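Descriptive structure summary
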Amino acid sequence: METIKEATGAAIRPFDLSYETILYASDFGAAPKKSAVENTQAINKAILAASKQGGATVVIAKGEYRTYTIELKSHVHLHFEEGAVIRAARTDIKHSYVNQDGEGGNYLEPEINRFAGLQDHGHSYFANSLFYGADLCDIMISGDGLIDGSSWNEEEKCREYVLLGGDPSEPAFRNERGHNGEWFGNKAIALVRCKNVVLTDFSLVIGGHFAIIAEGVENMYVDGILIDTNRDAFDVDCCKDVTVRNSVFNSLTDDGLVMKSSYGAGIFMPLENVLIEDCKVSGYDAGSVYAKTYTNEKLVAEDRCGPTGRVKLGTESSCGYHQVTVRRVDFEHSRGFALEAVDGSDLTDIIFEDSHMKYISSSPIFIRVGDRCRFPVTGMQMSEEIQAKAPNIRLDNRGFVIPDNEHYPVIPAVRYTPSYNKTKLVSVDGRSFFTVVDEENPVTLNQANLVKEDGVTYGKVYVAGEGYVADRTKALDAPEAASRANGCSRPLAKVKNIRIARVNAESVDPRYPILLAGLDGSNIENVQLEDIKVTYRGGLTMEHATEQRQLNTNWEYTQYQTKPSIQSLPWLVNTFFLKNEGLLPRVDWDEKTKSWKDDPYNVPELPTSYPEPSIFGILPAYGFYARHVKGLEVKGLSIGFEKEDTRHAIVLDDVADASFEDLSLQVAKETQEVAFVTSMYKRPANLEYVPDQPYHMTTITNVTLPENISVKLATVEAPAPGTPRDSFYSCPTLPIPENGYRYQKETDVYPLPLTVFPPFENRTTGKTRNPAEETSRKEVPGMIYNEGLAQREYTVYRDHGKHVSVTMKKMTKEQVGEIAAVERACFLPAEAASEKDFEERFSSPAFVCYGAYNEEGELIGFIDGASYDKPELPDELYHDTTKLVENGPWQTVFGVNVIARYRRMGVAGQMVRHYVEESRKRGQDGVVLTCKDHLRPLYEKAGFIWQGVSASTHGGVKWNDMLLRFRKGE
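Residues numbered from 1 in each chain as written. Predicted model: local features only at pLDDT ≥ 70, side-chain atom pairs only at ≥ 80, totals over all residues. Heavy atoms only, no water.

In the nomenclature of an unreviewed UniProt entry, the protein chain is known as GNAT family N-acetyltransferase of Anthropogastromicrobium aceti.

When helices and strands are tallied, the protein chain shows nine helices and 61 strands. Whereas a compact globule of 970 residues would reach a radius of gyration of roughly 30 Å, the protein chain reaches 31 Å, a difference of no more than 12%. Within the span of the protein chain, comprising 970 residues, buried residues form 63% of the whole. Taking as baseline every contact in the protein chain between residues at least 6 positions apart, the subset at least 24 positions apart corresponds to 72%. When the accessible surface of the protein chain is split by element, carbon and sulfur atoms take 48% of a total near 35,900 Å². Counting 106 positive and 139 negative side-chain charges, the protein chain places the centres of these two groups 3 Å from one another. (Helix = DSSP H or I, 4+ residues; strand = E, 2+ residues; numbered from the N terminus. Rg over C-alpha atoms; globule rule 2.2 N^0.38 Å. Buried < 20%, exposed > 50% of the residue type's maximum accessible area, 1.4 Å probe, protein only. Contact = heavy atoms within 4.5 Å. Areas by Shrake-Rupley, 256 points an atom, 1.4 Å probe, with all protein chains shown as cover. Lys, Arg positive; Asp, Glu negative; His and termini not counted. Charge placed at Lys NZ, Arg CZ, Asp CG, Glu CD.)

On to the nonpolar core. In globular proteins that are soluble, nonpolar side chains generally tend to be buried together. Counting 120 residues, the largest nonpolar core has F234 and F624 as the members making the most contacts within it. Element by element, the count of residues in this core is highest for strand β44 (residues 621-643), at nine residues. If we skip the residues at most four places from it in the chain, F234 touches I212, A214, M220, V222, I227, V244, F249, G256, L257 and V258. Membership of the second largest hydrophobic core comes to 60 residues, among which are L299, C305, V716 and I736. (Core = buried A, V, L, I, M, F, W, Y, C linked by side-chain atoms within 4.5 Å.)

Time to look at the side chain of Q815. Mapped onto the secondary structure, Q815 falls in the loop between β54 (807-810) and α5 (816-826). Only 2.9 Å separates the side chain of Q815 from the backbone nitrogen of T812, close enough to count as a polar contact. (Polar contact = N/O pair within 3.5 Å; in protein donor to acceptor, adjacent residues only side chain to side chain.)

This next bit is on the pattern of salt bridges. In a structure, side chains of opposite charge can pair up when their charged atoms sit close to one another. Scanning the entire structure with this criterion turns up 58 salt bridges. A salt bridge links E353 to R502; the nearest nitrogen and oxygen atoms lie 3.4 Å apart. Of the two residues, E353 is situated in strand β26 (residues 347-360) and R502 in strand β37 (residues 495-508); the sequence distance between them amounts to 149 residues. In this structure, the salt-bridge partner of K474 is E480, at a minimum N-O distance of 2.7 Å. Looking at E480, the relative accessible area reads 29%, which means it is partly exposed. What you see here is one network of salt bridges that share partners, running through E6, R245, E277, D278, R327, R328, E353, D354 and R502. (Salt bridge = Lys/Arg side-chain N within 4 Å of Asp/Glu carboxyl O.)

Under the defined criterion, the tally for this structure stands at one disulfide. Through a disulfide, C373 is tied to C488; the S-S separation comes to 2.5 Å. Looking along the S-S bond of the C373-C488 disulfide, the torsion reads about 75°, which is the right-handed sense. In this pair, C373 sits in the loop between β27 (365-369) and β28 (377-378) while C488 sits in strand β36 (residues 486-488), placing the two residues 115 residues apart along the sequence. Each member of the pair, C373 as well as C488, is classed as buried. Between C849, a cysteine without a disulfide, and C826, which holds the nearest cysteine sulfur, the sulfur-to-sulfur distance is 12 Å. (Disulfide = S-S within 2.5 Å.)

Moving on to the pairing of strand β56 (residues 859-868). The buried fraction of β56 is high, at ten of ten residues. Judged from the seven bridges that link them, strand β55 (residues 847-853) and β56 form a sheet pairing that is antiparallel. Across the sheet, C849 pairs through a bridge with D864, a residue of β56. Summarising the sheet, β56 and strand β58 (residues 895-898) pair through four bridges and their orientation is antiparallel. Looking at β58, one finds that I863 is bridged to V896. For β56 and strand β57 (residues 890-893), the ladder comprises two bridges, and the chain directions are antiparallel. Directly across from S867, in β57, lies its bridge partner Q891. (Pairing = 2+ DSSP bridges.)

In contact at an axis separation of 9 Å, α5 and helix α6 (residues 835-842) are set at 130° when each is read in the N-to-C sense. One finds that α5 runs oblique with respect to α6. As for how α5 packs across α6, the hand of that crossing is right-handed. Note on element contacts: α6 touches α5 through E835, F838, E839 and F842, opposite V816, G817, I819, A820 and E823. Its residues assigned to classes, the contact of α5 with α6 comprises five nonpolar, one polar and three charged. (Axes fitted to C-alpha atoms, helices over the stretch in contact; angles between N-to-C directions. Parallel < 35°, antiparallel > 145°, perpendicular 65-115°, else oblique. Left-handed = near helix turned anticlockwise from the far one by under 90°. Nonpolar A, V, L, I, M, F, W, Y, C, P; charged D, E, K, R; others polar.)

What follows is the structure, given as structure tokens:
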């Protein structure tokens, strides 16, 4: 094992920036009763005067000052007296995701950043902050004051966030300022390329997208501050020589203390030598930690994972991280410790020790190598569009492409990745839909990166002064050509030299084990774990790890001092980051039995996914999962659960040179403690779905365990679910109903795993709230900050006792659009009738449709069918209206449809009773329908009698024939 370097942190201390000269902002016109514009001008005049004197302290006296951007200057110490408050002033916002009425001014106009597009707007533009300084030295902010990015709305009795969590719109070109005509404040403190910085003793609440962002800062000392905010609390991005001590960072919806290495400063600068000691991070409601109420009604962040507020290295990792030491940090009601290298640069020499965690909502330890290729790469054009024009070196994520002109360094592509066509819409349960790779057309070729001559395909290479030209030194075969869609200028990132010791985690979300996830081609190396104890809430099973089921409820809450709101709770997998093939059940095709068999060990790689523990879904280990790791030393690991969990304690997949000593592993009866996974169908990272790319095997080598530990040897004999079939593997890989795979239990009645969101005490009212029993039928908002939701999640409801009365109305051909919309929401694409189908049905006088309307007049369901001359329902009746029989003696039912939020509230029963009664009135002999197994009891209760399994093949699923025969004289 290599020696791991310990960080020493900053050399500067507060006394280094003490000045004899003291200036008072009030002497320059600042006063609590002045306008925001006047106070901004006055404080900035005082700061400028102090800087011109070669160094001075500017004092903000007790009182509240509304301001816009306070422009920091070199050699200035800004000091808050006790009781001093700098409050962010509102600005006019008319064309963004929220509206705001201003107070006569605005924050500084966002600057130009030629490396925009490599990171989001918030990491690229900084001038529109409450406090802003760029290219400065010798800056200090201190004192027992408050910086507040919110204001109180007396009329509505709630807190309004003035500094916003979202960003202004991005410009079209790199050489333009960072907006599209309108901007606003969305950061409290932004320091860019500064040296010698001290931050001490103040508090900051509601800081916008970033409460504090230090971008490319050198020699920074932070001590005794409190940040309680709505998004990232403290971002240390591409900084060098930093110490953070004795501070508190609370953020429910984003990271607490986060180190990054983006290109936001416009330079290549790794994060290096950062020391963090004796701090606390948490994810309570924004503002409640400063108020000492610690409220917790909001259960998940905007990404639908649990409260955030953690210590993390990532996500932006373009420039890499080296030599970071984190010790004696308390994590409470937050996610765990995360290390992420996903953009092509390395992460090395990390120490995390002597820390405690409680109520942890993700993996207590998460180490991830990914491959987003988020690093500038020289393109094929000179123009300055942020989203580079095609044809170009990349098909996907063209914001990573920089122009080939004199304003930019030359960073040519050194490798390539494919562009996958993830366009095939699928559903496993007929409720939740997602897209996977289209097997018929899995990749898109980037012809700009290929040269074809005399039937031979070549790639291209960058030549100074000429750009990308044909590379005739090597001909490309079909898989190689298919893989050259996206140019990358960096190799796979490497993660190595990690030491984690003396960490205790309690009450951890049962979905997320300690997780070490490298890549095929980039192992995590030299990891030392010592004296780690983790207790999970448990309660999950291997069935959960196999099915990867989407199971969501809606939850109503009121965050501290804000308006009531609603959010979606994912009880099993979370689709915010886990998408596409990762949502498929983990099953393999058994060619002998021609059926699917469970294989929870066949976990997809997902190298380009946003690095969050939730991207791997429910894993086959509840406690510790490691894949693609070389050099792992574990001494003293105790993992257990509060409620029995039937998964393994530890699963190892492609792990080499590992030793485990002093293990205490709790497992269910007849469950092996450890599983070793051998995979027969692996491909290099990012090439998983390229047709005819050769496979290779990965396995466990040189791993030692204590003799008393039980081990299961698991062999994965298929590619990951959703991998397109080719000459190397020809069996089915897409487990959906059309291919014979079905869940054993319908999602609408599937039990909620109660340990994921357990009951808790509302700290405002003192009452217990239970998310499993308080499911809401209200819809979640359609926006997350300034981004719209692609789609809302399918939601189940568990308020079984509620009954909704409906009004039944006969529907007409003019309403087919409404009818078809409800149909699509209720059935798989293969089962659902189209709008055209309904138009054709209405053309027949034998067809009838009744709609169910709630008290607000909303169509919430319908029942339709046609008369026929026999007591049966052949498939041809669904699509061939010529087979229908006007005034036939038997009434068929084509469908009974109720939209999700009104199911199990008596609506279907009311529709069926109405339909039956109308059939009786017409003097028919009875009603016939087909249904799935789980609905048989419903219809039998209504008087239908089972006639046997139907001959119907409609939708490729099993149906039951049900018949209600009227007695003569009824």
